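# Observations on the model geometry
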Amino acid sequence: GPHNINASQNSNTSINSGTSTGTITIGNSLAGAITVDTAAGISLDAATASNFTVTGASADLTLSSVGGSVIVTGTEAASDAIQLNATTALGGIDINAGSGGITVDTTAAFSIDGATASNVTVTGAAQDLTLSAAGGSVNITATEAAADAIVITASNAAGGIDILTGGGQIDI
């Protein structure tokens, strides 16, 4: 039958808290679900590489905080200290945010690359999209062999296009 550890006692309980270096195993490949509920916090700490894996088609892993934040931190001095991967052929990553928006800051370069047609869109009346380089240049390059390889359009009947320089010339 089931075994309860500290089922109804109001005291702390330790499992393998001494000097033992053995592995603690809870459950096996045939075991049912494991539920951990508490009115206080949960801390899982390890001194070596670790994982939490869910295996099976459509077996999702949810990391959720109701009323709080989810904080993911990687302190390794590596360019991939945090990775989000969706590596199957039809896998994707969907990022949604409320009215607080999304902020991406780095002290080095960043790259956004797509292998098919892509877009950046701002929707709403009088909502601008600014592409700016403070202290540098803005380079727009297209390599398609087409008469309209670069198109700049102001589609509203009252719209216009301004090309301004700081005193330099415009080469056409």
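Scroll up a little and you will see the structure.
Here's what I pulled together on the structure shown here.

Conventions adopted
- Residues numbered from 1 in each chain as written.
- Predicted model: local features only at pLDDT ≥ 70, side-chain atom pairs only at ≥ 80, totals over all residues.
- Heavy atoms only, no water.
- Helix = DSSP H or I, 4+ residues; strand = E, 2+ residues; numbered from the N terminus.
- Rg over C-alpha atoms; globule rule 2.2 N^0.38 Å.
- Buried < 20%, exposed > 50% of the residue type's maximum accessible area, 1.4 Å probe, protein only.
- Contact = heavy atoms within 4.5 Å.
- Areas by Shrake-Rupley, 256 points an atom, 1.4 Å probe, with all protein chains shown as cover.
- 1 Å grid on protein atoms, 1.4 Å probe; cavity = no way out; pocket = protein on both sides within 12 Å on 5 of 7 lines; lining within 4 Å.
- Points joined across faces, edges and corners; volume = space filled by probe spheres on them.

### A short note on the overall build of the protein chain
Of the regular secondary structure elements, the protein chain holds zero helices and zero strands. In terms of overall dimensions, the protein chain is more spread out than a globule: its C-alpha atoms have a radius of gyration of 27 Å, far above the 16 Å expected for 172 residues. Each principal axis of the C-alpha distribution contributes one length, and for the protein chain these read about 85 × 35 × 30 Å. Taken across its 172 residues, the protein chain has 0% of its residues classed as buried. Here the contacts in the protein chain between residues at least 6 apart in sequence split such that 0% fall between residues at least 24 apart. Accessible surface, the protein chain as shown: approximately 17200 Å² in total, 50% of it carbon and sulfur.

### Details of the layout of surface pockets
To find leftover empty space, one rolls a probe the size of a water molecule over the atoms. What the largest pocket holds in volume is close to 1100 Å³. Considering the residues around the largest pocket, the lining is formed by 24 residues, among which N119, V120, L129, T130 and L131 are closest to the centre.

### As for unusual backbone geometry
A positive phi angle, near 60°, is found at S58, a position not held by glycine. Its identity is not glycine, yet A126 carries a phi of approximately 60°, on the positive side.

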